[in-house]
Amino acid sequence: MVDVLVIGGGNAALCAALMAREAGASVMLLEASPREWRGGNSQHTRNLRCMHDAPQDVLIDAYPEEEFWQDLLKVTGGQTDEHLARLVIRASSTCRPWMQKHGVRFQGSLSGTLHLARTNAFFMGGGKALVNAYYRSAEALGVDIRYDTPVDSLELDGDRFVAARSGSKRFEARACVLAAGGFESNLAWMREAWGQNERGEWPADNFLIRGTRFNQGTLLKFMIDAGADAIGDPSQSHCVAIDARAPLYDGGICTRIDCVSLGVVVNRDAERFYDEGEDFWPKRYAIWGRLVAQQPGQIGYCIIDAKAVGRFMPPVFPGTSAATLPELARKMGLPEAAFVKTVEDFNRACRVGTFDHTVLDDCHTEGLTPAKTHWARPIDTAPFTAYALKPGITFTYLGLKVNDRAAVHFGGKPSANLFVAGEMMAGNVLGKGYTAGVGMSIGTAFGRIAGTQAAVAAKQGIEHATA
Ligand SMILES: Cc1cc2nc3c(=O)[nH]c(=O)nc-3n(C[C@H](O)[C@H](O)[C@H](O)COP(=O)(O)OP(=O)(O)OC[C@H]3O[C@@H](n4cnc5c(N)ncnc54)[C@H](O)[C@@H]3O)c2cc1C
């Protein structure tokens, strides 16, 4: 029998497996995906958020604990556990040397992400290189890795883990870490969580999933049905407006459309529906998925003119361009007259001051609903370009309740040998909202705690059995 079984194959699982192995436990890791798709959503990431009191290798200035905490408090609207959150924040200041030991490399921010140079450490080669490095290290340390092994149920003895089952295969272990992600890839569950809207539509039918197809939430559901304490709202997820042409799964970061604050966004009736210039784009990009999800057909269209080109990170596919607004409307299948009127009304309402995309400038609209409060400039310089937008789900927030040892709870009581890390418990720290890079901070901190605790629990199990 193996000491520690880790279920999942992303960042949290790998951190747990490496820590348990370093603590002397024998470790097996079960990954649902084939080897070439390993690494879950973690393979799509770019950075983690790190506290630091002074400049550190790739991080500039300082990002003290209190500022990180205040940022988290603000984005979650208080839906966070301060004790667990501070644990994550402190761990984020010390984890990088350990990550580097296992082959992860960092790089300074590049243009387009310079606003994160103080708070976020970027992975050289992105999340794909990070998970590859961890897998290499895990293999070298003797972690037994099984691909194509989706776990469908667990055997529990009360609140104790006994074994995991994948089809006809059974895996016994002295302790277990669950790190199998959220349930965003499970379209039926997403449909149920989002329900039907007042127009009789099922919004989730038009969602795209930005990451892996393997996060089906099978174990999350199993654990909740088995009486584990849950935390978070199933309808809450990190949801971004992405290129409507993106694939259903695994489109990743390059499907983001980052020019919303430079133009206008209309729905399929060619009506604007929200202030595109409310705040800096990194602070607002994560609300636009939900805004588009509320529109008819769950679709939006971001419109820019030639003045915006070169001022944002271009998406991977070029937009649709036209020499005139009516031609653009026809190309995008938007009602022509309504579209031209919306843009002309907007253009007339613009009060252009000193345009500056790096500050909350004074270019705004007057007498228009909804207003555009910054960076409002008439859309009047050909060629005009449109990008169709759909809601892109990053991950869901429903998870299992934990304590600072990452133990799964049943009726308020922590399990002695069942632990959870990553997206499966991130809701303890992040009840809603998001701040860039905190997903990997939570997964790294709790993956490492869960692995250490599982190794301790396995050892105690052996001592208990031989006493
Ligand atoms: C496009 C994109 C970009 C992102 N960028 C960032 C970023 O830059 N910084 C950041 O902090 N966060 C980012 N995130 C969020 C980040 O990916 C997550 O917070 C983090 O990866 C969660 O790690 P995890 O290990 O919990 O889950 P995952 O990495 O998703 O891993 C879950 C694993 O469990 C496996 N699995 C699922 N079900 C089973 C089962 N039943 N049996 C066995 N295995 C199973 C999956 O195959 C997968 O390997 C991004 C997400 C996406 C989609």
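Quantities reported herein were computed from a predicted structural model and do not represent experimental measurements.

1. Considering the domain arrangement of the chain
Here's step 1: Segmenting the chain into domains produces domain 1 (2-182 + 217-236 + 397-466) and domain 2 (239-392).
Here's step 2: With centres defined by C-alpha atoms, the gap from domain 1 to domain 2 works out at 36 Å.
Here's step 3: Of the residues lining the interface, nine residues belong to domain 1; the matching set on domain 2 comes to eight residues.
Here's step 4: Both sides together, the interface formed by domain 1 and domain 2 hides about 690 Å², and carbon and sulfur atoms give 54% of it.
Here's step 5: Summed over the shared surface of domain 1 and domain 2, the number is zero salt bridges.
Here's step 6: Viewed at the interface, domain 2 and domain 1 are joined by two residue pairs in polar contact (both at pLDDT 80 or more).

2. Focus on the site of the ligand
Here's step 1: Around the ligand lies a shell of 38 residues, among which Glu31, Ser42, Asn47, Glu423 and Met440 are the nearest.
Here's step 2: Contact distances for the ligand include 3.2 Å between an oxygen atom and a backbone N or O atom of glycine 9.
Here's step 3: Looking at the shell around the ligand, the elements with two or more residues in it are helix H1 (11-22), strand S18 (384-396) and helix H11 (438-466).
Here's step 4: Here the shell around the ligand is composed, by residue class, of 14 nonpolar, 20 polar and four charged.

3. Examining helix H10 (residues 336-349)
The periodicity of an α-helix, 3.6 residues per turn, causes residues three or four places apart in sequence to face the same way.
Here's step 1: With 14 residues, H10 extends 20 Å from end C-alpha to end C-alpha; this agrees with the ideal 20 Å at 1.5 Å per step.
Here's step 2: Inspection of H10 places Phe339, Val340, Thr342, Val343, Phe346, Asn347 and Ala349 among the buried residues, and these make up the whole buried set.
Here's step 3: The inward-facing, buried residues of H10 abut strand S13 (264-267), strand S14 (300-304), helix H9 (325-332), strand S16 (350-351) and strand S17 (364-365).

4. Thoughts on the side chain of glutamate 276
Here's step 1: Mapped onto the elements of the fold, glutamate 276 is located in the loop between S13 and helix H8 (281-293).
Here's step 2: Here valine 265 takes part through its backbone nitrogen, which lies 2.9 Å from a polar atom of the side chain of glutamate 276.
Here's step 3: Looking at glutamate 276, its side chain comes within polar contact range of the side chain of arginine 272, at 2.8 Å.

5. Remarks on the packing of helix H2 (residues 65-76) against helix H3 (residues 82-92)
Here's step 1: Across the interface, H2 lies against H3 with an axial gap of 10 Å and an inter-helix angle of 130°. Viewed along their axes, H2 and H3 adopt a mutual orientation that is oblique. Handedness of the crossing formed by H2 with H3: right-handed. Judged by residue contacts, Glu65, Glu66, Phe68, Trp69 and Leu72 of H2 engage Glu82, Ala85, Arg86, Ile89, Arg90 and Ser92 from H3.
Here's step 2: Here the residues of the contact of H2 with H3 are counted per class, giving five nonpolar, one polar and five charged.

Each value, and the rule that gives it
Residues numbered from 1 in each chain as written. Predicted model: local features only at pLDDT ≥ 70, side-chain atom pairs only at ≥ 80, totals over all residues. Heavy atoms only, no water. Domains from an automatic or database assignment. Contact = heavy atoms within 4.5 Å. Buried area = accessible area lost by both parts, 1.4 Å probe. Salt bridge = Lys/Arg side-chain N within 4 Å of Asp/Glu carboxyl O. Polar contact = N/O pair within 3.5 Å; in protein donor to acceptor, adjacent residues only side chain to side chain. Near = heavy atom within 4 Å. Helix = DSSP H or I, 4+ residues; strand = E, 2+ residues; numbered from the N terminus. Nonpolar A, V, L, I, M, F, W, Y, C, P; charged D, E, K, R; others polar. Expected span 1.5 Å × (residues − 1). Buried < 20%, exposed > 50% of the residue type's maximum accessible area, 1.4 Å probe, protein only. Axes fitted to C-alpha atoms, helices over the stretch in contact; angles between N-to-C directions. Parallel < 35°, antiparallel > 145°, perpendicular 65-115°, else oblique. Left-handed = near helix turned anticlockwise from the far one by under 90°.

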